[in-house]
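Residues per chain are reported as follows:
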Amino acid sequence: MKQKRVVTVQDISCLGKCSLTVALPILSAMDTEACVIPTAVLSTHTGGFSGYTFRDLTDDIAPILNHWEKEGFDFDAIYTGYLGSAEQCRLMVDLFDRFGTEENLIFVDPAMADNGKLYAGFPADFPQEMKKVCAKADVIDPNLTEACLMLGIDFPGKTGYTEEWIKDVLKQLCAMGCRTAVLTGVIFGEKQGAMAYDSATDTYSSYFGENLPVSFHGTGDVFSSALCGALVRGQGMEQALKTAVDFTVDSIEISAEDPDLPRYGVRFEAALPGLIKNL
Ligand code: PXL
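All values derive from a computational prediction rather than experimental measurement.

A. Spatial organisation of the packing of aromatic side chains. Tallying each qualifying case throughout the model produces ten aromatic pairs. An angle of 50° between the planes, with centres 5.3 Å apart, marks the rings of Tyr 82 and Phe 122 as tilted. Remark: Phe 122 occurs in the loop between β7 (117-118) and α4 (126-135) and Tyr 82 occurs in the loop between β4 (77-80) and α3 (86-99); sequence separation between them is 40 residues. Judged by its relative accessible area of 10%, Phe 122 is buried. Where Tyr 197 meets Tyr 204, the ring centres are 4.7 Å apart and the plane angle is 40°; that geometry is what we call tilted. It is Lys 167 that lies over the ring of Tyr 204; its NZ or CZ is 4.9 Å from the centre.

B. Geometry of the environment of Ser 50. Following the sequence through the fold, Ser 50 ends up in the loop between β2 (32-44) and β3 (54-56). Expressed as a C-alpha distance, the spacing of Ser 50 and Leu 15, which sit 35 residues apart in the sequence, is 12 Å.

C. Main features of a negative patch on the surface. Residues Glu 190, Glu 210, Asp 250 and Glu 253 make up a contiguous surface patch of negative charge. You can call Glu 210 partly exposed: its relative accessible area is 45%.

D. The arrangement of helix α5 (residues 144-151) in detail. The buried count for α5 comes to seven of eight residues, which makes it a mostly enclosed element. Along α5, the residues that are buried comprise Leu 144, Thr 145, Glu 146, Ala 147, Cys 148, Met 150 and Leu 151. Looking at the buried positions of α5, the neighbouring elements they touch are β6 (113-114), β7, α4, α6 (163-175) and β9 (180-188). N-capping of α5 is provided by Asn 143, with a side-chain oxygen placed 3.1 Å from the backbone N of Thr 145. A positive phi of about 70° marks Gly 152, the residue just after α5.

Rules used in this analysis
Residues numbered from 1 in each chain as written. Predicted model: local features only at pLDDT ≥ 70, side-chain atom pairs only at ≥ 80, totals over all residues. Heavy atoms only, no water. Phe/Tyr/Trp six-rings, centres within 6.5 Å; stacked < 30°, edge-to-face > 60°. Helix = DSSP H or I, 4+ residues; strand = E, 2+ residues; numbered from the N terminus. Buried < 20%, exposed > 50% of the residue type's maximum accessible area, 1.4 Å probe, protein only. Lys NZ or Arg CZ within 6 Å of the ring centre and 35° of its normal. Patch = residues over 30% accessible without salt bridge, like charges linked within 9 Å, V, L, I, M, F, W, Y side chains within 5 Å. Areas by Shrake-Rupley, 256 points an atom, 1.4 Å probe, with all protein chains shown as cover. Salt bridge = Lys/Arg side-chain N within 4 Å of Asp/Glu carboxyl O. Lys, Arg positive; Asp, Glu negative; His and termini not counted. Charge placed at Lys NZ, Arg CZ, Asp CG, Glu CD. Contact = heavy atoms within 4.5 Å. Polar contact = N/O pair within 3.5 Å; in protein donor to acceptor, adjacent residues only side chain to side chain.

This is the structure:
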């Protein structure tokens, strides 16, 4: 198989594994060429640390796109994650318009919230800006909180919903404009996983693993990077969900003994051999 080229657009958090420090090694381990557009440089991520620095890199994005367009570069996937501002959301729509094709995959992780609330630093209207980015995507993978914020519906809590409710939310997400919506962090009893709806074929798919009673920062980014990598390599949605859920659960399981880890992120590195075996 010819190597796939992915461009991922997210911040660099210098410490606290998430966004680019997670996406780069995972995409590389999946034998995909990972190109990057860093959206900001932070000394740490914003969840669980205080006093972090934030250098906005918005001004660099348009010149990078101009250079790449002039050189005629193309990408098998465009994968966006944490974006720092409404202006960056607008620039992503521009990126999709200029580099999106019929063949390539536009994958949007609307990383902006969890556990019922927006991450630190985002204004309340940010989900409406992110919604416009999602509208242009082939695949989006919000968690329940992000989905509810974009749809303007109440967050039901981490559990306490039915499969029918999830299916309805998936359809509402696709009605925003994307072809396929994946909901992450779906919990039914002892199981946690992801459910997807493909609006073009009117089909649902899902995959569940063990629901471990621990919570780590950055697991959404671990999941998204593996899902995007699996899809761009040609796995179907059902198989790609399995690849990404198994890898995320393995990473959490390996990390569960270390009480210091939650804000430092999961030890996904130790789960990479299993991920590679699943390709
Ligand atoms: O994991 C999502 C994420 C990415 N980047 C930054 C964050 C967060 C979550 O808090 O703060 C900077």
